[in-house]
Amino acid sequence: MNSYQLPTGSTLLHNPRYNKGTAFTEEERRLFHIEGLLPPVPLDLQRQIARTFIQLDDLATDFQRYRLLNEIRARNETLFYAVVMSDPERFLPIIYTPTVGEACQKFNHFIGSPMGLYLPISAKGRVRDLLSNWPEKDVRFIVVTDGERILGLGDQGTGGMGIPLGKLALYTACGGVPPQTTLPILIDVGTNNLELLHDPLYTGLKQPRVRGQEYDDFIDEFVQAVQEIFPLCCIQWEDFANMHAEPILRRWQHRVCTFNDDMQGTAAVTLAGLYAALRITGGSLKDHKFLFLGAGSAAAGIAELITLALQEEGLSAEDALQKVWMYDASGLLTPERKDLAPFQRRFAHPHHPAQSFLEAIQDLQPTAIIGVSTVPKLFNQDVIRLMARINKRPIIFPLSNPTSRSECSAEEAYRWSDGRAVFASGSPFAPIEIDCQRFAPGQSNNVYIFPALAMAIYATGCRLIPEELFITAAKAVANQVTQEDLDLGRIYPPIKKIYDVSLQAAAAIAEHIFRLGLARTAPPDDLLATIQSLAYKPCYPSLM
Ligand code: NAI
């Protein structure tokens, strides 16, 4: 947009994309008729950031900081991203998990600015019209939820809007995806949350959730309307209930550009941790045996991707499956069990029923245990000591969230394995020192994957997202773990480097997209340089 097309006067000050607030220069103030509408002396972006830090420090809780940052985002997008990107380690937990959970619960009462699009099922047949109401015409990324399974908090109705808003902020802050290309969407099919249904201030549809054919038809209408209105758009499904997440992904993943971060992002980031762990344990994936504690949706996604990665190393599909075992609330998964879902049957291998997880470890001699059980402390002292007896460097991944549900703490894993555990967790643990050795454990956080994938899709105009791209993403993240990280026990790069890590990973993923012939653009000579030049940077453009 050139200076003649920009809004002027107070309209410019209310446009978050072009508003600079006190950073408008004197010339800009004169040209755009905002002289006198701001205090007279301009401040540059660095000083605006410093002022925002003072305001943030003055607040008592992270939810209050979330609200302040959200207000800044609605007023001055550049300042919002400049603040967040100045210190991702500090601000990611405020703009996304864990604080975003509280924001979703309080959304109807506290969060006012409509920065996303709502698609109520009462508008069925007109989704196309509603999408056309979005002011930006070149939308490349939609993150969409129906609010039914928000983090571990269950049904939050339209309060679930906090999730696509937060996730897309991470696309930009961590992966450099230009914010004007992103669109957060909440599909409202009602809510089964009684508290919301009885709340006079609730602004979503006050009806029980629509299920079955009517629900499926509405999702179909949504996907088709997106193809029409935003033909280059990638759709990311987020926080849908398991019964919808899997069928929606399977229905569309071979037809349009789409992925599910809860399923595929989780799997990829865990695989990234395993690839980095190999640099400590030595060998390749096929030298390992994986025992999952928990056989639910997280286990299924991770296990399927590990199996695919094993096949990439040359194993047959059958041999790859034999490397992956699962133990759930009813014991070891074996073919005799009558309670298994189809996805679990693939990982049920003949074996006598183990009496305990400890016995399963003793029998199977796994090199890695992956906790996705939602039950805290199941990786107890006996479990970890046994893993450390069997393996020189046992891989211990307690992935259950939040911290209170982690199968063990970092300290327990390191202490009980005499400092030999190769550790990553779903929730963060602070650095610790044991017997004069310092450990800074890494967090298996999907943010290492989806912003990088998004940037690769943006740079290539990718048409479809095959599973193998998640293996490439995992390898690209693992390759950026330094020896210094490994020496500290950290098998993921530090979050403070997330922007650079994501752009490097995006280049590797984009290269694979070109190789598969899935790009809509021609491959540039220097992929990384092209991605770096396309990536969003939080600075004010000159409007003169
Ligand atoms: P889910 O409810 O689908 O599955 C839980 C599984 O644990 C079931 O198979 C159940 O039988 C098993 N289980 C329950 N009690 C058990 C016990 N006492 N012993 C053995 N197994 C037991 O849950 P879902 O969606 O698979 O998530 C599991 C956990 O993984 C959650 O805490 C979630 O926060 C975490 N997670 C972590 C991610 C990450 O680190 N990036 C990503 C996704 C999930």
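Residue positions within a chain follow its written sequence, with the count starting from 1. Local features are withheld for residues below a pLDDT of 70 in this predicted model, meaning they are given only at 70 or higher, and side-chain atom pairs are given and counted only at 80 or more; totals for whole chains, interfaces and linings count all residues. Where side-chain values are given, they derive from all heavy atoms of the structure, hydrogens and water being excluded.

**Regarding the domain arrangement of the chain**
Thinking step 1. What the domain assignment reports for the chain is domain 1 (3-43), domain 2 (48-256) and domain 3 (264-447).
Thinking step 2. Computed over C-alpha atoms only, the centres of domain 1 and domain 2 are separated by 29 Å.
Thinking step 3. Between domain 1 and domain 2, the residue contacts involve 10 residues of the former and 11 residues of the latter.
Thinking step 4. Buried area between domain 1 and domain 2, both sides added, is near 750 Å², and the carbon and sulfur share of it is 35%.
Thinking step 5. Between Lys or Arg on one side and Asp or Glu on the other, a salt bridge is scored when a side-chain nitrogen of the former is within 4 Å of a carboxyl oxygen of the latter. At the boundary of domain 1 and domain 2, one finds two salt bridges.
Thinking step 6. Across the pair Arg17 and Glu136 runs a salt bridge, and its minimum N-O distance is 2.6 Å.
Thinking step 7. In protein, a polar contact requires one atom able to donate a hydrogen and another able to accept it; more generally it is a pair of N or O atoms within 3.5 Å, and residues adjacent in sequence count only if both atoms are side-chain atoms. Applying the counting criterion to the domain 1 and domain 2 interface returns six residue pairs in polar contact (both at pLDDT 80 or more).
Thinking step 8. Under the grouping applied here, Gly and all other residues not named as nonpolar or charged are polar, the nonpolar ones being Ala, Val, Leu, Ile, Met, Phe, Trp, Tyr, Cys and Pro and the charged ones Asp, Glu, Lys and Arg. In the side of domain 1 that touches domain 2, the residues fall into four nonpolar, four polar and two charged. Where each domain starts and ends comes from a domain assignment, either automatic or drawn from a database. Throughout, a contact is declared for two residues whenever any of their heavy atoms are within 4.5 Å. Buried area: the accessible surface (1.4 Å probe) lost by two parts on joining, summed over both.

**Points about helix H21 (residues 450-460)**
Thinking step 1. Using a 1.4 Å probe on the protein chains alone, a residue whose accessible area is under 20% of its type maximum counts as buried, one over 50% counts as exposed, and one in between counts as partly exposed. Strands here mean DSSP runs of E at least two residues long; helices mean DSSP runs of H or I at least four residues long; both are numbered from the N terminus. Along H21, 11 of the 11 residues are buried, which leaves the element largely enclosed by surrounding structure.
Thinking step 2. All of the buried residues in H21 are Phe450, Pro451, Ala452, Leu453, Ala454, Met455, Ala456, Ile457, Tyr458, Ala459 and Thr460.

**Considerations on unusual backbone geometry**
Thinking step 1. Geometrically, the link from Thr97 to Pro98 is a cis peptide bond, its omega value of 5° lying close to zero.
Thinking step 2. Its location among the elements puts Pro98 in the loop between helix H6 (88-95) and helix H7 (99-105).
Thinking step 3. The phi dihedral of Leu151 falls on the positive side, at around 45°, and the residue is not glycine.
Thinking step 4. Relative to the helices and strands, Leu151 resides in the loop between strand S2 (141-145) and helix H10 (162-175).
Thinking step 5. Non-glycine residue Asp239 carries a positive phi angle of around 55°.

**As for the pattern of salt bridges**
Thinking step 1. This structure, assessed with the given rule, holds 29 salt bridges.
Thinking step 2. In this structure, the salt-bridge partner of Glu148 is Arg211, at a minimum N-O distance of 2.8 Å. Placement of Glu148 in the loop between S2 and H10 and of Arg211 in the loop between helix H11 (194-197) and helix H12 (212-229) is noted, with a sequence separation of 63 residues between them.
Thinking step 3. Among the salt bridges present, the one from Glu412 reaches Lys377, with a minimum N-O distance of 3.1 Å. On the criterion of sequence distance, the pair formed by Glu412 in helix H20 (residues 410-416) and Lys377 in the loop between strand S9 (368-371) and helix H19 (381-390) is long-range, its members being 35 residues apart.
Thinking step 4. Looking at Lys377, the relative accessible area reads 46%, which means it is partly exposed.
Thinking step 5. Beyond isolated ion pairs, a larger network of salt bridges with shared partners links Asp146, Glu148, Asp155, Arg209 and Arg211.

**Re the sheet that holds strand S6 (residues 290-293)**
Thinking step 1. A pair of strands is considered paired only if DSSP assigns at least 2 bridges between the two. Read from one edge to the other, the open sheet built from seven strands follows the order S8-S7-S6-S9-S10-S11-S14, with strand pairing classed as mixed. Each having just a single partner strand, strand S8 (331-332) and strand S14 (442-443) make up the two edges of the open sheet.
Thinking step 2. In this sheet, strand S11 (residues 422-425) lies alongside strand S10 (residues 395-398) in parallel orientation, the contact comprising two bridges. By the bridge assignment for S11, Ile396 is matched with Phe423.
Thinking step 3. Helix axes use the C-alpha atoms of the stretch in contact, all axes being lines fitted to C-alpha atoms, and the angles between their N-to-C directions lie in the range 0 to 180 degrees. Running at roughly 170° to strand S7 (residues 324-328), helix H15 (residues 297-312) makes contact with S6, S7 and S9 of the sheet.

**Description of the site of the ligand**
Thinking step 1. If even one non-hydrogen atom of a residue comes within 4 Å of a molecule or strand, that residue is called near it. The local shell around the ligand holds 21 residues, among which Ala295, Ser297, Ala298, Leu399 and Asn401 are the closest.
Thinking step 2. Between the ligand and Ser400 there is a distance of 3.5 Å, counted from an oxygen atom to a side-chain nitrogen or oxygen.
Thinking step 3. In this structure, Ser444 approaches the ligand through a main-chain N or O atom, which is 3.2 Å from a nitrogen atom.
Thinking step 4. Burial of the ligand by the protein amounts to 74% of the accessible area it has alone, namely 870 Å².
Thinking step 5. Elements supplying a minimum of two residues to the shell around the ligand: H15 and S7.
Thinking step 6. Split by residue class, the shell around the ligand holds nine nonpolar, 11 polar and one charged. Using a 1.4 Å probe, the Shrake-Rupley method yields the accessible areas, and only the shown protein chains count as cover for residues.

**Details of the sheet that holds strand S4 (residues 234-237)**
Thinking step 1. Spatially, five strands are ordered S1-S3-S2-S4-S5 in an open sheet, and the strand pairing comes out parallel. Each edge of the sheet is formed by a strand with only one pairing partner; in this case those strands are strand S1 (117-120) and strand S5 (258-260). On average, each strand axis in the sheet is inclined to that of its neighbour by 25°, with strand direction left out of account.
Thinking step 2. Relative to S5, S4 is paired through three bridges, and the arrangement is parallel. Note on S5: the bridge partner recorded for Gln236 is Phe259.

**Brief notes about the pairing of S7**
Thinking step 1. Burial of S7 is extensive: five of the five residues sit out of reach of the surface.
Thinking step 2. Sheet analysis places S7 next to S8, joined by two bridges and oriented antiparallel. What sits directly across from Tyr327, in S8, is Leu332.

**Thoughts on the packing of helix H5 (residues 77-86) against H6**
Thinking step 1. Two elements in contact, H5 and H6, have axes whose closest approach is 6 Å; the angle formed by their N-to-C orientations is 120°. Considered as vectors, H5 and H6 are oriented oblique to each other. Along the contact surface, H5 presents Phe80, Val83, Val84, Met85 and Ser86, while H6 presents Pro88, Phe91, Leu92 and Ile95.
Thinking step 2. Residues that form the contact of H5 with H6 fall into these classes: eight nonpolar, one polar and no charged. Oblique is the label for every angle not falling under 35 degrees (roughly parallel), over 145 degrees (roughly antiparallel), or within 65 to 115 degrees (roughly perpendicular).

**What to know about the packing of aromatic side chains**
Thinking step 1. A pair of aromatic rings is counted whenever rings of Phe, Tyr or Trp (Trp by its six-membered ring) have centres within 6.5 Å, and the orientation is called stacked for planes under 30 degrees apart, edge-to-face for over 60 and tilted otherwise. Taken as a whole and assessed by the stated rule, the structure comprises 16 aromatic pairs.
Thinking step 2. The interplanar angle of 85° and the centroid separation of 5.6 Å between the aromatic rings of Phe53 and Phe91 together place this pair among those described as edge-to-face. Of this pair, Phe53 sits in helix H3 (residues 45-57) while Phe91 sits in helix H6, and the two are 38 residues apart along the sequence.
Thinking step 3. Of the residues examined, Phe91 reaches a relative accessible area of 0% and is grouped as buried.
Thinking step 4. Site record: aromatic cluster; members linked through ring pairs are Tyr414, Phe423, Phe429 and Phe439.
Thinking step 5. Directly above the aromatic system of Phe450 lies the positively charged group of Lys167, at a separation of 4.4 Å from the ring centroid.
Thinking step 6. The ring of Trp252 carries the charged tip of Arg255 above its face, separated from the ring centre by 4.7 Å. Any Lys NZ or Arg CZ that is within 6 Å of a ring centre and within 35 degrees of that ring's normal is treated as a charge sitting over the ring.

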